[in-house]
Amino acid sequence: SAQILRNLSEKTTLHQQLQNCFSVPDSPIWMDASTTKNCRELEEKVGGPLKLAEITGSRGFERYTGNQIMKISQTRPSEYKDTERISLVSSFAASLLIGDYAPIDLSDGSGMNLLDITTNKWSPECLEACGENLSSKLGEPVPSKQIVGNVSQFLVGRYNFSPNCKVIAFTGDNPASLAGVAPKLGDAIISLGSSDTVFSWLPRQNAELEGHIFVNPIDCDTYMSLVCFKNGSLTRERIKDDCAEGSWEKFSEYLTKTPTGNNGNIGIYFDVMEIQPLVQGIFRFDSADQKVSSFPPEVEVRAVIESQMMARKLYMELRGMHIGPDTRILATGGASLNRAILQVISDVFGAPVFVSDIPNSAALGSCYRAKHGLDGCDFSDVVLNHPQPECVARPTEGASQVYKELGKRYRKLEQALGSQQ
Ligand SMILES: Nc1ncnc2c1ncn2[C@@H]1O[C@H](COP(=O)(O)OP(=O)(O)O)[C@@H](O)[C@H]1O
Ligand SMILES: O=C(CO)[C@@H](O)[C@H](O)COP(=O)(O)O
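Residues numbered from 1 in each chain as written. Chains lettered and ligands numbered in written order. Predicted model: local features only at pLDDT ≥ 70, side-chain atom pairs only at ≥ 80, totals over all residues. Heavy atoms only, no water.

**Re the packing of helix α13 (residues 248-257) against helix α14 (residues 297-318)**
Move 1: At a minimum axis separation of 9 Å, α13 and α14 run at an interaxial angle of 85 degrees. It follows that α13 is roughly perpendicular to α14 by the angle criterion. Here F251, Y254, L255 and K257 of α13 come into contact with α14, specifically with P297, E298, V301, R302, V304 and I305. (Axes fitted to C-alpha atoms, helices over the stretch in contact; angles between N-to-C directions. Helix = DSSP H or I, 4+ residues; strand = E, 2+ residues; numbered from the N terminus. Parallel < 35°, antiparallel > 145°, perpendicular 65-115°, else oblique. Contact = heavy atoms within 4.5 Å.)

Okay, here's the thing in structure tokens:
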């Protein structure tokens, strides 16, 4: 496959030339949750979940590449053996641009349960636990700002790229978003895309069982903390369709006209298996924590936003991120266009919410990173002209107290669901 990639003909498409190169045609994606057994095996082999978190920044997580690789090496040994190279989506996309195998960057590479985030090298124990000769299949990881090559002859010939065009290591959506919001230390970023992800810049690593620590894409001597939730916009969208006639305007109107705290009603909506907790299902409780089968539409709308945002805050705090009235919450992603949702975030977090003119922070961050890698200057110089985000919501008086109480109840209900499954 390396030879095919290096000798692409400009006369025909990538699809035609690469279609027989994949040892596993349908790779699992990040929503896969089928590797619990592999996660426990990896944790056990390195000395327990906290030890794995100390080495790689995370205890074993189902979607992480190391556990996915272990599953394939055990269940499809001949395909595993036949595999010349294992790429992340990010490094694969960069490989297509340079016409060669591009290395995995340290930041996206932190989401694999394989990288030692202190030495910035693959962890030998993790590699050994996940598959034979894994190191040679992965290649050496590189800092996220590294130039990985020039664009391929294929792109020059077929699409008129300049042969001098350089390619910087590709990274994941979340590290790119971190770069795109030009964060200050202490900012909490909440990305409201198909999934919801919360992250922040961390000066040092601390091992926890909740969430993840990644090598920082802007500065590989520091870190970023991250917690990802599968049930984000797609769940909100489903409730908008079921309860608000498919209209975000109606959804926002319901949100605005219902009281802070939803009269004590709590709904938990895990349409798909959540990451933390590992639970699937829809659960509704009245103010006395009694299960109920349905809510009126406007209560359902507020319930989904309140419970999602209480969970985002809870896990940020469990991950060691500090949130106080002085914290800037930087909201990005598709749902950050919705001011009614942002008001609930501000009320639940007890902190002001800011948005930028450019909601697509991952794309902007990739541009900033390209400049960072190419110019070799400090990241702070790259973002000198970054537009200041606008404050769009401040906590409503009295909301903090309401969510302090509701948050405690949410935590208990969620823990009970986790222990039942
Ligand atoms: N006005 C709105 N209110 C709430 N959510 C919205 C609104 N407009 C778009 N969205 C949500 O934004 C999501 C897309 O966000 P985006 O950041 O582009 O996602 P991704 O990058 O994960 O594909 C859609 O799933 C949609 O539900
Ligand atoms: O962090 C993760 C998964 O680890 C997610 O952010 C995914 O990388 C993709 O998210 P969507 O764009 O589908 O919301």
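**Section: the layout of surface pockets**
Move 1: Quantified by volume, the second largest pocket comes out at close to 290 Å³.
Move 2: Lining the second largest pocket are 14 residues; nearest its centre among them are K313, E317, V348, Y403 and K404.
Move 3: Those elements giving two or more residues to the lining of the second largest pocket turn out to be α14, α15 (339-349) and α18 (399-420).
Move 4: Looking at the lining of the second largest pocket element by element, the count peaks at 7 residues for α18.
Move 5: A per-class count over the lining of the second largest pocket returns 6 nonpolar, 3 polar and 5 charged. (1 Å grid on protein atoms, 1.4 Å probe; cavity = no way out; pocket = protein on both sides within 12 Å on 5 of 7 lines; lining within 4 Å. Points joined across faces, edges and corners; volume = space filled by probe spheres on them. Nonpolar A, V, L, I, M, F, W, Y, C, P; charged D, E, K, R; others polar.)

**What to know about the site of ligand 1**
Move 1: Around ligand 1, the structure places G193, S194, S233, E237, W248, G333, G334, A335, N338 and I341.
Move 2: In the environment of ligand 1, an oxygen atom lies 2.3 Å from a nitrogen or oxygen atom belonging to the side chain of E237.
Move 3: The fraction of the free accessible surface of ligand 1 (580 Å²) that becomes covered by protein chains is 61%.
Move 4: For the shell around ligand 1, the per-class residue count stands at 3 nonpolar, 6 polar and 1 charged. (Near = heavy atom within 4 Å. Polar contact = N/O pair within 3.5 Å; in protein donor to acceptor, adjacent residues only side chain to side chain. Areas by Shrake-Rupley, 256 points an atom, 1.4 Å probe, with all protein chains shown as cover.)

**Re the pattern of salt bridges**
Move 1: The final tally for this structure, using the stated rule, is 17 salt bridges.
Move 2: In this structure, R238 engages D271 in a salt bridge whose closest nitrogen and oxygen atoms are separated by 2.8 Å. Of this pair, R238 sits in helix α12 (residues 233-243) while D271 sits in the loop between β9 (266-270) and β10 (281-285); the two residues are 33 residues apart in sequence, bridging distant segments of the chain.
Move 3: Classification of D271 by relative accessible area gives partly exposed; the value is 25%.
Move 4: Beyond isolated ion pairs, a larger network of salt bridges with shared partners links D196, R236 and R312. (Salt bridge = Lys/Arg side-chain N within 4 Å of Asp/Glu carboxyl O. Buried < 20%, exposed > 50% of the residue type's maximum accessible area, 1.4 Å probe, protein only.)

**Considerations on helix α5 (residues 65-75)**
Move 1: Burial analysis of α5 places 8 of its 11 residues in the buried class, the great majority of the element.
Move 2: Of all the residues in α5, the buried ones are T65, G66, N67, Q68, I69, M70, I72 and S73.
Move 3: If you follow the buried residues of α5, they end up packed against α3 (36-46), α6 (77-82), α8 (124-130) and α9 (134-138).

**A closer look at the environment of N263**
Move 1: Relative to the elements of secondary structure, N263 occurs in the loop between α13 and β9.
Move 2: Judged by relative accessible area, which is 60%, N263 ranks as exposed.
Move 3: Here the alpha-carbon distance between N263 and V402, two residues 139 residues apart in the chain, equals 10.0 Å.

**Thoughts on the pairing of strand β5 (residues 188-192)**
Move 1: Burial analysis of β5 places 5 of its 5 residues in the buried class, the great majority of the element.
Move 2: Bridge count between β5 and strand β12 (residues 329-332): 4 bridges; the pairing is parallel. Looking at the pairing, I189 lines up with L330 of β12.
Move 3: The antiparallel hairpin formed by β5 and strand β6 (residues 196-202) contains 3 residues in its connecting segment. (Pairing = 2+ DSSP bridges.)

**So, the side chain of Q17**
Move 1: Looking at where Q17 falls in the secondary structure, it is placed in helix α2 (residues 14-18).
Move 2: Sequence-distant contacts of Q17, defined by excluding residues within four places in its chain, comprise I4, L8, S9, T12 and F154.

**A look at the packing of aromatic side chains**
Working definition: an aromatic ring pair is given by the centre-to-centre distance plus the angle between the planes.
Move 1: For the structure on display, the rule yields 6 aromatic pairs.
Move 2: Judged by centre distance (5.8 Å) and plane angle (65 degrees), the ring pair of F22 and F92 falls under edge-to-face. Here the residue F22 occupies a position in the loop between α2 and α3, and F92 occupies one in helix α7 (residues 89-98), the gap between them amounting to 70 residues.
Move 3: Using a relative accessible area of 44% as the deciding quantity, one classes F22 as partly exposed.
Move 4: Their ring planes at 80 degrees and their centres at 5.1 Å tell us that W248 and F251 sit as a pair that is edge-to-face. With W248 and F251 both in helix α13 and 3 residues apart, this pair spans about one turn of that helix.
Move 5: Judged by relative accessible area, which is 32%, W248 ranks as partly exposed. (Phe/Tyr/Trp six-rings, centres within 6.5 Å; stacked < 30°, edge-to-face > 60°.)

None of the figures reported here should be taken as evidence of function without further support.
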